[in-house]
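Below are the chains, spelled out letter by letter.
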Amino acid sequence: MDASSYIDKFKQQGFVDMWSSLLSSEEINRLSELVKKKFDTISHSHPNYQDDGMECIHNLLEEIPSIGVALNNIISNPLIRVFLEEILGKNYKIWNVSARLASSGDRGL
């Protein structure tokens, strides 16, 4: 699928699944394991933890520095760059990376 297809789908549905075309199953599983482990170990009183109807860890790179390379590879991917520039504009800035834990029956964002 090309960038315009992802952009159209995002504009129509509000989400897209690009990860399977960008990361290997091993990379997806490794990132998932690291984030799940952090959810299991982070104190609910930690300033980067939030639970107001959805569990979320903010400042993910601060919490799990080892995922920085993988996230940089994602953001540097030409398909992602075109997508982000179309949706956010050419001068976008990624201020924070967060992980949200979807619960069973969760309808999404």
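Let me begin by describing the structure that accompanies this report. For every chain, the first residue of its written sequence is number 1, and the numbers climb from 1 along that sequence. Reporting in this predicted model follows two pLDDT cut-offs: at least 70 for local features of residues, and 80 or more for side-chain atom pairs to be given and counted; totals over whole chains, interfaces and linings ignore these cut-offs and use all residues. To get the side-chain values, take all heavy atoms of the structure and skip hydrogens and water.

1. Some points on the overall build of the chain
Just so we agree on the cut-off: A helix here means a DSSP run of H or I that spans at least four residues, while a strand means a run of E at least two residues long, and both kinds are numbered starting from the N terminus. Relative accessibility thresholds used throughout: buried, under 20% of the residue-type maximum; exposed, over 50%; partly exposed, between the two (1.4 Å probe, protein chains only). Note on areas: Shrake-Rupley with a 1.4 Å probe; residue coverage comes only from the protein chains shown. Charged residues are defined here as Lys and Arg on the positive side and Asp and Glu on the negative side; His and the ends of the chain fall outside this count. Where a charge sits is defined by one atom per residue type, namely NZ (Lys), CZ (Arg), CG (Asp) or CD (Glu).
Looking only at helices and strands, the chain has six helices and three strands in total. Order of helices (α) and strands (β) in the chain, N terminus to C terminus: α-α-α-β-β-α-α-α-β. By its C-alpha atoms, the chain is 40 × 30 × 30 Å across when sized along the principal axes. The buried share among the 109 residues of the chain stands at 27%. Carbon and sulfur atoms make up 51% of the accessible area of the chain, which amounts to about 7,700 Å² in all. Across the chain, 11 positive and 15 negative side-chain charges occur, with their mean positions spaced 3 Å apart.

2. Quick word on the pattern of salt bridges
Heads up, the rule is: Salt bridges are counted wherever a side-chain nitrogen of Lys or Arg sits within 4 Å of a carboxyl oxygen of Asp or Glu.
In total, this model carries three salt bridges according to the counting rule given. For K38, the salt bridge identified is with E63, shortest N-O distance 3.5 Å. Here the residue K38 occupies a position in helix α3 (residues 25-41), and E63 occupies one in helix α4 (residues 60-63), the gap between them amounting to 25 residues. Residue classification places K38 among the buried residues on the basis of a relative accessible area of 19%.

3. A word on the sheet that holds strand β1 (residues 49-51)
What counts is decided by this rule: When DSSP finds two or more bridges between a pair of strands, those strands are recorded as paired. Fitting a line to C-alpha atoms yields each axis, with helices limited to the stretch in contact; the angle taken between N-to-C directions then spans 0 to 180 degrees.
Spatially, β1-β2-β3 is the arrangement adopted by the three strands of the open sheet, whose pairing is antiparallel. Across the chains shown, the open sheet's two edge strands, defined by having one partner strand only, are β1 and β3 (99-101). For this sheet the average axis-to-axis angle between neighbouring strands, irrespective of direction, equals 20°. Here strand β2 (residues 55-57) pairs with β3 via three bridges, running antiparallel. From the neighbouring strand, E55 faces β3, where its bridge partner is L101.

4. Thoughts on unusual backbone geometry
Look at N59: it is not a glycine, yet its phi comes out positive at around 55°. Within the element layout of this structure, N59 appears in the loop between β2 and α4.

5. Let's talk about the nonpolar core
As a rule of thumb, nonpolar side chains are buried together in soluble globular proteins. For clarity, the threshold we go by: Grouping buried Ala, Val, Leu, Ile, Met, Phe, Trp, Tyr and Cys residues that are joined through side-chain atoms within 4.5 Å yields what is termed a nonpolar core. Note on definitions: a residue-residue contact is assigned when non-hydrogen atoms from the two residues lie within 4.5 Å.
If you look at the biggest cluster of nonpolar residues, it comprises 25 residues, and the most contacted ones within it are M18, L60, I67 and F83. Broken down by secondary-structure element, the contributors of at least two residues to this core are α1 (3-13), α3, α5 (68-76) and α6 (78-88). When neighbours within four sequence positions are excluded, L60 is seen to be in contact with V35, I67, N96, V97, S98 and A99.

6. Notes on the packing of aromatic side chains
Defined as follows: Only rings of Phe, Tyr and Trp enter the pairing, Trp through its six-membered ring, and a pair is recorded when the two centres are within 6.5 Å. The plane angle decides the type: under 30 degrees is stacked, over 60 is edge-to-face, the rest tilted.
Applying the stated criterion across every chain, the model contains one aromatic pair. Measuring from ring centre to ring centre gives 5.4 Å for F10 and F83, while their planes differ by 80°; the resulting arrangement is edge-to-face. Remark: F83 occurs in helix α6 and F10 occurs in helix α1; sequence separation between them is 73 residues. You can call F10 partly exposed: its relative accessible area is 27%. F83 sits in the buried class, given a relative accessible area of 8%.

Everything listed here is a matter of coordinates, which is why it stays silent on function.
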